[in-house]
Amino acid sequence: MQMHHFTYPKERIRLGVLSFFLMQGLCFSTWASRIPDIKAVFAADDILFWSWILFLIPVGKFVAIPLAGLLVSRLGSRIMVQVSVLGYAAALFAIGAASNVYVLGGCLFGFGICWNLCDISLNTQGIGIERLTGRPVMATFHGGWSLAACAGALSGFLMILWGVPVSWHFSLVAAVIALSTLFGRKWLQEDVEPAPVQADGEERKDAPALLSFVRKPERLLLELGLVSLFALIVESAMFDWSGVYFKSVIHAPDSLQVGFLTFMVMMTAGRFLTGWAYGKLGKQKVLQLGGFLIFCGFLISALPDGVATSMTAKVAVISSGFMLVGLGISCMVPTVYSLVGAKSGTPVGIALTILSSIAFVGSLIAPPLIGLVSDMFSLRHAYMLVGLLGLCILLMATFRRAFKN
């Protein structure tokens, strides 16, 4: 994929595209930071029932996968970034305004659809900008997403302390995102995919290419997709359940509800360090280290209560585990997308759709898996189980060809 280069400096274009990653991260973390409050508003005390409500987000994301590939290919990522980001903000507003649990479920389903459309269209823009500038900027884009998500987590923590209603909070953020989209849209670039050609060099018009790629995807994409699947289960465990973990497992007061915030701070720091780590270690070792940190982080987070007696000590121990998980998971998505851009022979929009099709199985698995294990045993045991996926990532990065430098 190439990009039609508008008459703006490349650095300004890069910053303009980065602003949309910032908006997506802010929108997501605004929702995630208030999950315990939303759970309380709708009196969803049964953890298995709540897991099925959360399950509607990945269902929406999964339903959007064929739409994403088709719409990005037909309309281009420039249009789809604008549509999906505005839709994402509208869904956030609707979640805050939901009057009952059934309306909430429908809003979460729409939130998932817009989330996936954002992912595919924004990362298509990101890979195009990497090729336009000749620089590995994908980790910076995802770092920007994490930075905005960190800001959203911090603002959510403050909103909780100040007693601001969820509906007001979500309405304010949705308005900020909508205005930012209108100001930032001019920096987005048009996609220019090279036309498929026949053996004689003429342009091929029939192009059953998309179907052939989907029916027989590259082995590279299958291996990268499996790591993405593991990574999305880890992310779901932290994004959707870290706040609940602090409230329900260690019973931390509102003033110490810092689990999601500490995770996001380290995830943000890790993403900005990822590009530097590539130069020092290479992408393969970065993924290996990330998998190891994820395993260690969940192991620390799942330590029994007896390890620390006071509430402050408990919060410190669990937060240190969350920080390790954040640092470990930070490199996964940008590294996988960067490997797709560098190694895949499949057109970028289609490659990301195939990758998402595999990876989002992790999003579908995570809520019922965590909810079921928590219902049968405890959320602490569910976190121990998810931590084992860090070891799976470590093994994949060590022994599979797709990850060799």
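Here the residue numbers are simple positions, counted from 1 along each chain's written sequence. A pLDDT threshold of at least 70 governs which residues receive local features in this predicted model, and a stricter bar of 80 or more applies before side-chain atom pairs are shown or counted, although totals over entire chains, interfaces and linings include all residues. Think of the side-chain values as coming from all heavy atoms in the structure, minus any hydrogens and water.

1. A word on the overall build of the protein
Stage number 1. Strands here mean DSSP runs of E at least two residues long; helices mean DSSP runs of H or I at least four residues long; both are numbered from the N terminus. For the protein, the helix and strand inventory stands at 16 helices and two strands.
Stage number 2. Relative to a compact globule of 405 residues, whose C-alpha radius of gyration would be 22 Å, the protein shows 21 Å and is just as compact.
Stage number 3. Its C-alpha atoms put the protein at 75 × 45 × 35 Å along the principal axes.
Stage number 4. Buried, partly exposed and exposed residues are distinguished by accessible area as a fraction of the type maximum, computed with a 1.4 Å probe on protein chains only: under 20%, between the cut-offs, and over 50%, respectively. Counting over 405 residues, the protein shows a buried share of 58%. With C-alpha atoms as the basis for the radius of gyration, the globule rule is written as 2.2 Å multiplied by the number of residues raised to the power 0.38.

2. Details of the packing of aromatic side chains
Remark: the centre distance and the inter-plane angle together describe each pair of aromatic rings, the angle taken between the planes.
Stage number 1. Stacked, edge-to-face and tilted are the three classes for Phe, Tyr and Trp ring pairs, Trp counted by its six-membered ring, which pair at centre distances within 6.5 Å; planes under 30 degrees apart are stacked, over 60 edge-to-face, the rest tilted. Using the criterion set out here, one finds 16 aromatic pairs in the structure.
Stage number 2. On the numbers, 5.5 Å between centres and 25° between planes, the contact of F28 with W145 is stacked. Placement of the pair is F28 in helix 1 (residues 10-33) and W145 in helix 7 (residues 138-162), with a sequence separation of 117 residues. Neither F28 nor W145 differs from the other in exposure class; each is buried.

3. Observations regarding the packing of helix 3 (residues 47-54) against helix 15 (residues 348-376)
Stage number 1. For helices, the axis comes from a line fit to the C-alpha atoms of the stretch in contact; other axes are also lines fit to C-alpha atoms, and the angle between any two N-to-C directions lies between 0 and 180 degrees. Their axes nearest at 8 Å, the elements helix 3 and helix 15 cross at an angle of 180°. Comparing their axes, helix 15 and helix 3 come out roughly antiparallel. Taking contact as the criterion, the partners of I47, L48, S51, W52 and L54 in helix 3 are, on helix 15, P367, P368, G371, L372, S374 and D375.
Stage number 2. Classifying every residue of the contact of helix 3 with helix 15 by side-chain character gives seven nonpolar, three polar and one charged. Just so you know how the angles are binned, under 35 degrees is roughly parallel, over 145 roughly antiparallel, 65 to 115 roughly perpendicular, and the rest oblique. Should any heavy atoms of two residues lie within 4.5 Å, those residues are counted as being in contact. Only Asp, Glu, Lys and Arg are considered charged, only Ala, Val, Leu, Ile, Met, Phe, Trp, Tyr, Cys and Pro nonpolar, and every remaining residue, Gly among them, polar.

4. Some words on a nonpolar patch on the surface
Stage number 1. A contiguous nonpolar patch, built from L22, L147 and F272 and spanning about 250 Å² of accessible area, is present on the exposed surface.
Stage number 2. Tracing the chain through its elements places L147 in helix 7.
Stage number 3. Looking at L147, the relative accessible area reads 45%, which means it is partly exposed. Residues form patches when they are more than 30% accessible in relative terms and have no salt bridge. Like charges link within 9 Å. Nonpolar side chains (Val, Leu, Ile, Met, Phe, Trp, Tyr) link within 5 Å. Working definition of accessibility: Shrake-Rupley area with a 1.4 Å probe, residue cover restricted to the visible protein chains. When a carboxyl oxygen of Asp or Glu is within 4 Å of a side-chain nitrogen of Lys or Arg, the pair counts as a salt bridge.

5. A short note on the nonpolar core
Stage number 1. Ranked by internal contacts, the top residues of the largest apolar core, which has 122 residues, are W31, F111, F263 and M264.
Stage number 2. A total of 17 residues in this core trace back to one element, the largest contributor, which is helix 10 (residues 219-249).
Stage number 3. F263 has contacts with M238, F239, F322, V325, G326 and I329, leaving out every residue within four places of it along the chain. We define a nonpolar core as any set of buried Ala, Val, Leu, Ile, Met, Phe, Trp, Tyr and Cys residues linked to one another through side-chain atoms lying within 4.5 Å.

6. A look at helix 16 (residues 379-399)
Stage number 1. Helix length check: helix 16 (21 residues) gives 31 Å between terminal C-alpha atoms against 30 Å at 1.5 Å per residue, within 8%.
Stage number 2. Among all positions in helix 16, only L379, R380, A382, Y383, V386, G387, L389, G390, I393, M396 and A397 are buried. End-on, the buried residues of helix 16 take up no more than an arc of 160°, which puts them together on one face.
Stage number 3. Among the structural elements, helix 10, helix 12 (283-301), helix 13 (311-329), helix 14 (332-343) and helix 15 are those in contact with the buried residues of helix 16. Here the expected length of a helix is defined as 1.5 Å per residue gap, with one fewer gap than residues. As used here, the arc belongs to the directions running from the helix axis to the C-beta atoms.

7. Brief notes about the packing of helix 10 against helix 16
Packed helices, taken two at a time, are described by their axes: the angle between them and the distance between them.
Stage number 1. Viewed as axis vectors pointing N to C, helix 10 and helix 16 meet at an angle of 155°, and their least axial separation amounts to 10 Å. Of the possible angle classes, the one that applies to helix 10 and helix 16 is roughly antiparallel. Pair helix 10 / helix 16 crosses with left-handed handedness.
Stage number 2. Here the residues of the contact of helix 10 with helix 16 are counted per class, giving 19 nonpolar, one polar and two charged. Handedness of each helix crossing follows the sense of rotation of the near helix against the far helix: counterclockwise by less than a right angle gives left-handed, clockwise gives right-handed.

8. Focus on helix 6 (residues 101-133)
Stage number 1. For helix 6, built from 33 residues, the straight-helix expectation of 48 Å at 1.5 Å per residue is met to within 8% by its first-to-last C-alpha distance of 46 Å.
Stage number 2. Counted residue by residue, helix 6 has 26 buried out of 33 residues, so it is predominantly covered.
Stage number 3. For helix 6, the capping residue at the N-terminal end is N100, with a side-chain oxygen 3.0 Å from the backbone nitrogen of Y102. Polar contacts, as used here, are pairs of N or O atoms within 3.5 Å; protein pairs need one atom able to donate a hydrogen and one able to accept it. Residues neighboring in sequence count only if both atoms are side-chain atoms.

9. Observations regarding the pattern of salt bridges
Stage number 1. With the rule as written, the count across this model stands at five salt bridges.
Stage number 2. Residue E223 is joined to R400 by a salt bridge in which the shortest nitrogen-to-oxygen separation is 3.1 Å. Highlighted residues: E223 in helix 10 and R400 in the segment after helix 16, separated in sequence by 177 residues.
Stage number 3. On the basis of relative accessible area, R400 is assigned to the partly exposed category, the value being 29%.

10. Description of the confidence of the model for the protein
Should pLDDT be low for a region, the predicted coordinates there are not to be read in detail.
Stage number 1. Summarising the model, the protein shows a mean pLDDT of 86, and 91% of its residues fall at 70 or more.
Stage number 2. What pLDDT conveys is the predictor's confidence in a given residue, as a value from 0 to 100. Low confidence marks residues 194-208, where pLDDT is under 50. Its contacts with residues over four positions away, or in another chain, come to twelve contacts.

11. So, the environment of G126
Stage number 1. Assignment of secondary structure puts G126 in helix 6.
Stage number 2. Under the relative-accessibility criterion, G126 is labelled buried at 0%.
Stage number 3. The sequence separation of G126 and V17 amounts to 109 residues, and the corresponding C-alpha distance is 7.4 Å.
Stage number 4. The contacts of G126, once residues within four sequence positions are left out, are M138 and F141.

12. Section: the side chain of R380
Stage number 1. Note on placement: R380 falls in helix 16.
Stage number 2. Once residues within four sequence positions are removed from consideration, R380 is found in contact with Y245, V249, S301, A302, L303, P304 and D305.

13. As for the state of the cysteines
Stage number 1. The disulfide criterion used throughout: a pair of cysteine sulfur atoms within 2.5 Å. If you walk through the whole model with that rule in mind, you get zero disulfides.
Stage number 2. Free cysteine: C118, not disulfide-bonded; nearest cysteine sulfur from C114 at 6.9 Å.
Stage number 3. C118 gets classed as buried once you look at its relative accessible area, which sits at 0%.
Stage number 4. Between C150, a free cysteine, and C27, which holds the nearest cysteine sulfur, the sulfur-to-sulfur gap is 17 Å.

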